Amino acid sequence: MPRILQTNGLVCPFPLVEAKQAMQEIAIGEELIIYFDCTQATQSIPEWVAQEGYEVTEYIQTGDAEWKISIKKTK
């Protein structure tokens, strides 16, 4: 079961800060689902995922200024 991180309402960089912390707490092969509404995170979170070598399994816009990204911890 994936871990869900609800960061709607948090200003950047806090969605990314919380995502980094959450990824440290899950095991390899598990997924983290992040809900966020900070437009800067639409770029900063995918860039961080790529730098870390994790896998984005889903990335969708869920509202006018809301997004959901699912990240699989691969290492």
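Everything below is about the structure printed above this text.
Counting from 1, residues in each chain are numbered in the order their sequence is written. For a predicted model such as this one, the threshold for reporting local features is a pLDDT of at least 70, and the threshold for listing and counting side-chain atom pairs is 80 or more; totals across whole chains, interfaces and linings nevertheless cover every residue. For the side-chain quantities, the full set of heavy atoms in the structure was used; hydrogens and water were omitted.

Enquirer: Hey, could you run me through the state of the cysteines in this one?
Expert: A covalent bond between the sulfur atoms of two cysteines is referred to as a disulfide. Two cysteine sulfur atoms make up a disulfide if the distance between them is within 2.5 Å. For the structure on display, the rule yields 1 disulfide. Note that cysteine 12 is cross-linked by a disulfide to cysteine 38, the S-S spacing being 1.7 Å. Because the torsion about its S-S bond is -125 degrees, the bridge between cysteine 12 and cysteine 38 counts as left-handed. Highlighted residues: cysteine 12 in the loop between strand 1 (3-6) and helix 1 (14-25) and cysteine 38 in the loop between strand 2 (31-36) and helix 2 (41-52), separated in sequence by 26 residues. For every residue, the accessible area obtained with a 1.4 Å probe (protein chains only) is divided by the maximum for its type, and the residue is called buried under 20%, exposed over 50%, and partly exposed between those limits. Overall, the relative accessible area of 10% leaves cysteine 38 in the buried class. A helix here means a DSSP run of H or I that spans at least four residues, while a strand means a run of E at least two residues long, and both kinds are numbered starting from the N terminus.

Enquirer: Even after reading the chapter, I still don't get the nonpolar core, so can you show me in this structure?
Expert: Taken as a class, soluble globular proteins show a tendency for nonpolar side chains to be buried jointly. What is meant by a nonpolar core is a set of buried Ala, Val, Leu, Ile, Met, Phe, Trp, Tyr and Cys residues, joined one to another through side-chain atoms within 4.5 Å. Counting residues in hydrophobic clusters, the biggest one holds 18 residues, and the most contacted among them are Met23, Leu32, Ile34, Phe36, Ile45, Trp48 and Ile71. Of all the secondary structure elements, the ones that give two or more residues to this core are helix 1, strand 2, helix 2 and strand 4 (66-72).

Enquirer: Looking at this structure, how should I read a nonpolar patch on the surface?
Expert: Only residues above 30% relative accessible area that lack a salt bridge enter a patch, with like-charged residues linked at up to 9 Å and the nonpolar side chains Val, Leu, Ile, Met, Phe, Trp and Tyr linked at up to 5 Å. Only the protein chains shown count as cover for residues, with accessible areas throughout obtained via the Shrake-Rupley method and a probe of 1.4 Å. Salt bridges are counted wherever a side-chain nitrogen of Lys or Arg sits within 4 Å of a carboxyl oxygen of Asp or Glu. The grouping of Val11, Phe14 and Val17 at the surface amounts to a nonpolar patch, some 280 Å² of accessible area in total. Mapped onto the fold, valine 17 is located in helix 1.

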